[in-house]
Amino acid sequence: MLHKIEMLRELLDTRPKASLGFFPTPLHRLNRMSNELGVNLFLKRDDFSGRNLFGGNKIRKLEYLIGEAIAHRAEYIITYGATQSNHAMQTVTACRVSGLKPILYLVAVIPTDEHDIRSNLLLDKIMDAEIHIVHRKPGESEEEAESRSFQMAKERKECLEAEGHKCFDIPMGGASPVGSLAFTEGFLELTEQMNELGITADYCFHATGTGGTLAGLALGCKCIDSKTCIVSINVSKKDDTYPSKIASLANQCGYVLGVSAIVRKGDLNIDPNYYAPGYEIPNKAANDAIRYLAQTEGILTDPVYTGKAFAGMLDYIRTNKVEQGSNIVFWHTGGATALFAEKEILGDLGE
Ligand SMILES: *Cc1c(COP(=O)(O)O)cnc(C)c1O
């Protein structure tokens with residue numbers, strides 16, 4: 001396995017990369033919670049990826065994405081998300097440290113009060129991103145508003161390029177083959193940290209949204225023949241094509257990297273049972289999980305992503321879907337800025 005890790009690292013080293021955060025991110029055991037639950041539970045702290053206090057899994061992806069943008073001599077970065085998008089905020093951070101100009105197209109999934117700007121949207125403002133908020137029209141679905149935001153961005157890009165400016169587009173969540181390279185690397189990073197502790201992870205739980213994180217992890221896992229079972233908890237409704245889309249993204253990532261390993265949709269364990277009622281809408285199990293982790297270990301997760309994934313993991317442990325005594329890693333992907341977002345996103349956390 002060591003040889004495979006080294007070979008993969010060499011391939012990753014050939015890719016353009018911007019230095020944006022602090023890696024490797026810490027890995028540590030949750031002692032009190034492990035005792036209570038009867039498992040060996042570790043936390044992988046991508047919430048500490050930097051560059052500021054508000055890091056997360058997107059900084060990891062952006063190292064490769066911004067590296068690519070700089071190689072293309074881009075001046076503007078255009079990206080997309082919800083108004084409280086962690087990805088959008090981390091992209092602005094990445095742009096600022098790299099001397100690039102960020103343009104955001106943000107769909108108001110949860111309506112924002114323009115006189116009381118909070119959380120990531122506030123950070124986007126402070127860092128002075130060019131922000132376009134796309135309000136949903138009556139009867140318009142989230143997907144339709146998203147498509148409209150892509151069209152608006154396309155027009156803005158054409159204008160800028162006509163004036164001689166070079167633009168680089170980053171998809172929602174940074175979910176592209178190049179972005180996923182970062183989580184192939186992340187999987188190696190975790191494996192090396194576990195090796196140092198003399199432990200193999202039986203399970204790795206994480207929240208999955210656009211799927212870029214999962215695609216990278218799954219490819220890394222496959223490339224080094226790891227025995228770790230990755231369990232991916234959905235944070236939003238997805239159609240039946242989601243697993244095959246992620247397998248395809250993983251394989252495009254493998255193509256970029258030049259590896260022969262193939263990820264099949266059957267390799268993925270995607271669980272849609274914990275996100276209801278929907279993206280950015282809280283649920284009781286997630287909020288209970290947030291309070292449990294906070295009150296047992298003093299660590300904060302969020303109601304949109306990590307809280308729901310953590311609740312999923314707790315359910316697997318408590319119902320013996322994972323065996324007692326297992327070595328489990330929960331990948332903390334960041335997002336706790338949501339704790340300062342709109343009440344609709346928080347639910348009963350403030351009560
Ligand atoms: C974006 C995000 C995820 C999901 O990552 P994807 O690569 O989009 O699947 C998980 N947790 C947090 C906090 C995020 O911001």
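About the criteria used
Residues numbered from 1 in each chain as written. Predicted model: local features only at pLDDT ≥ 70, side-chain atom pairs only at ≥ 80, totals over all residues. Heavy atoms only, no water. Buried < 20%, exposed > 50% of the residue type's maximum accessible area, 1.4 Å probe, protein only. Helix = DSSP H or I, 4+ residues; strand = E, 2+ residues; numbered from the N terminus. Contact = heavy atoms within 4.5 Å. Pairing = 2+ DSSP bridges. Axes fitted to C-alpha atoms, helices over the stretch in contact; angles between N-to-C directions. Near = heavy atom within 4 Å. Polar contact = N/O pair within 3.5 Å; in protein donor to acceptor, adjacent residues only side chain to side chain. Areas by Shrake-Rupley, 256 points an atom, 1.4 Å probe, with all protein chains shown as cover. Salt bridge = Lys/Arg side-chain N within 4 Å of Asp/Glu carboxyl O.

Some thoughts on helix H5 (residues 119–126)
For H5, the set of buried residues is Ser119, Asn120, Leu121, Leu123 and Asp124. Among the structural elements, helix H4 (86–98), strand S4 (101–107) and strand S5 (130–134) are those in contact with the buried residues of H5. In the stretch just after H5, Asp128 is the one whose phi turns positive, near 60 degrees.

Some remarks on unusual backbone geometry
With an omega of 5 degrees, the peptide bond running from Gly50 to Arg51 counts as cis. Within the secondary structure, Arg51 sits in the loop between strand S2 (40–45) and helix H3 (57–71). Omega for the bond connecting Ala276 with Pro277 falls within 30 degrees of zero, at 5 degrees, which places this linkage in the cis form. Among the secondary structure elements, Pro277 is positioned in the loop between strand S9 (269–271) and helix H10 (284–297). Within the chain, Arg73 stands out as a residue other than glycine whose phi angle is a positive 60 degrees. Looking at the secondary structure, you find Arg73 in the loop between H3 and strand S3 (76–82). Arg73 sits in the exposed class, given a relative accessible area of 71%. Residue Asn320 is not a glycine yet carries a positive backbone phi of 60 degrees.

Points about the sheet that holds strand S6 (residues 167–169)
If you trace the four strands from one edge of the open sheet to the other, you get S5-S4-S3-S6, paired in parallel fashion. Across the chains shown, the open sheet's two edge strands, defined by having one partner strand only, are S5 and S6. The mean inter-strand angle of the sheet, taken between neighbouring strand axes irrespective of direction, is 20 degrees. As paired elements, S3 and S4 share seven bridges and run parallel to each other. Within S4, the residue paired with Ala82 across the bridge is Val107.

With respect to the sheet that holds S9
Taken in spatial order, the six strands of this open sheet run S1-S2-S10-S7-S8-S9, and their pairing is mixed. For this open sheet the edge positions go to strand S1 (27–29) and S9, each flanked by a neighbour on one side alone. Each neighbouring strand pair of the sheet contributes to a mean axis angle of 25 degrees, computed without reference to strand direction. Bridge count between S2 and strand S10 (residues 327–332): six bridges; the pairing is parallel. Looking at the pairing, Leu43 lines up with Phe330 of S10. Packed onto the sheet, helix H11 (residues 306–318) meets S2, strand S7 (203–208), strand S8 (229–234), S9 and S10 and runs at close to 170 degrees relative to S10.

Some remarks on the site of the ligand
Around the ligand, a shell composed of 15 residues is seen, among which Lys58, Lys61, Thr210, Thr213 and Thr333 lie nearest. Residue Gly209 places a main-chain N or O atom 2.7 Å away from an oxygen atom belonging to the ligand. In this structure, Gly212 approaches the ligand through a main-chain N or O atom, which is 3.4 Å from an oxygen atom. Protein contact buries 98% of the 380 Å² of open area that the ligand shows by itself.

Thoughts on the pattern of salt bridges
Within this structure, the stated rule accounts for 20 salt bridges. Note that Glu130 and Arg156 form a salt bridge whose closest N and O atoms lie 2.7 Å from each other. With a gap of 26 residues between them, Glu130 in strand S5 and Arg156 in helix H6 (residues 142–162) connect regions that are remote in the sequence. Residue classification places Glu130 among the partly exposed residues on the basis of a relative accessible area of 23%. For the salt bridge of Arg291 with Asp348, the shortest nitrogen-to-oxygen distance reads 3.4 Å. With Arg291 in helix H10 and Asp348 in the segment after helix H12 (343–346), this residue pair connects regions lying 57 residues apart in the sequence. Assessed through its relative accessible area of 23%, Arg291 is described here as partly exposed. In the salt-bridge network here, residues are joined through shared partners; they are Arg9, Lys17, Glu63, Glu185 and Glu192.

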